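# Structure at a glance
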Amino acid sequence: PKIDDGSALFDHLAEQSIPMLGTFKSQELSNMLWAYAHLGASHSDLFQEAGDAIDSIDRLGLFTGQALSNIVWSYATMKERHSKLFLKVANYVLSLANLDKFRAQTLSNIVWAYASVDFTHPLLFKRVADYIVSLEDLSEFRAQHLSNIPWAYATVKESYPKLFEKIAE
């Protein structure tokens, strides 16, 4: 049998998944979107419908920080801009008492994703910057995180000198 690039399989999987998205658990949604993005399997209808499904969820508390990061990373990687989804995730992050459940890569991926789809949300960027500045040290941050974060802030034209000073330390 002929084996192609898998696009027919991914199209079929998306078409079967779309009607069931409302039954997916948070991790299942995150993993599916991440897999499509990681493999470069484009399916705009799937991303649109998944974004709508996530937007319709009352509280995003069922999603881990990693899952939310993977979701917005997936949209940015696939150049899919779902404004309601990005707004919902930003507002959820802003509603949290603290960002302790967000790891370095999670924070880096979130601001990278927002900048990559040119979704400016100054309060989100301020919250992330203030949190990073408040950390005792940045030992959890790898070089890629420490380069992606200032890139994201520069891309959306958000300037936080204290954040840049902290990264430069």
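One structure accompanies this document, and this report is about it. Predicted model only: the values in this text are computed from it and were never measured.

### Thoughts on the pattern of salt bridges
Evaluation of the coordinates by the stated rule reveals 2 salt bridges. Between E140 and R103 there is a salt bridge; the shortest N-O distance is 3.5 Å. One end of the pair, E140, is in the loop between α7 (122-134) and α8 (143-155); the other, R103, is in the loop between α5 (83-95) and α6 (104-116), with 37 residues separating them in the sequence. In this structure, D130 engages K126 in a salt bridge whose closest nitrogen and oxygen atoms are separated by 2.6 Å. Placement of the pair is D130 and K126 together in helix α7, with a separation of 4 residues, close to one helical turn.

### Re the nonpolar core
Among the nonpolar cores identified, the biggest contains 59 residues, and Y114 and Y153 are the most heavily contacted of them. If we skip the residues at most four places from it in the chain, Y114 touches V72, F86, V89, A90, F119, L124 and F125.

### Quick word on the side chain of K88
When you line up the elements, K88 lands in helix α5. Buried charged residue K88 carries no salt bridge. Nearest counter-charge: D55, at 4.6 Å. Not counting residues within four places of it along the chain, the set of residues in contact with K88 comprises I54, D55, I57, D58 and L60.

### Points about helix α1 (residues 7-17)
By the burial criterion, the buried members of α1 are F10, A14 and S17. Looking straight down α1, one finds its buried side chains confined to an arc of 70°; they lie on one side.

### Some remarks on the packing of aromatic side chains
The tally for this structure, following the rule as stated, stands at 9 aromatic pairs. Between F86 and Y114, the ring centres sit 4.8 Å apart and the planes meet at 75°, which makes this aromatic pair edge-to-face. Here F86 is found in helix α5, whereas its partner Y114 is found in helix α6, with 28 residues between them in sequence. Here F86 falls in the buried class, since its relative accessible area comes to 0%. When the centroid spacing of 5.6 Å and the interplanar angle of 80° are considered together, the rings of Y114 and F119 count as edge-to-face. Classification of F119 by relative accessible area gives buried; the value is 9%. Through pairs of rings, three or more aromatic residues link up here, namely F47, Y75, F86, Y114 and F119.

### Section: the environment of T64
On the secondary structure map, T64 appears in the loop between α3 (44-55) and α4 (65-77). Of the polar contacts made by the side chain of T64, one reaches the backbone nitrogen of A67; its length is 2.9 Å.

Parameters at a glance
Residues numbered from 1 in each chain as written. Predicted model: local features only at pLDDT ≥ 70, side-chain atom pairs only at ≥ 80, totals over all residues. Heavy atoms only, no water. Salt bridge = Lys/Arg side-chain N within 4 Å of Asp/Glu carboxyl O. Helix = DSSP H or I, 4+ residues; strand = E, 2+ residues; numbered from the N terminus. Core = buried A, V, L, I, M, F, W, Y, C linked by side-chain atoms within 4.5 Å. Buried < 20%, exposed > 50% of the residue type's maximum accessible area, 1.4 Å probe, protein only. Contact = heavy atoms within 4.5 Å. Lys, Arg positive; Asp, Glu negative; His and termini not counted. Arc of directions from axis to C-beta. Phe/Tyr/Trp six-rings, centres within 6.5 Å; stacked < 30°, edge-to-face > 60°. Polar contact = N/O pair within 3.5 Å; in protein donor to acceptor, adjacent residues only side chain to side chain.

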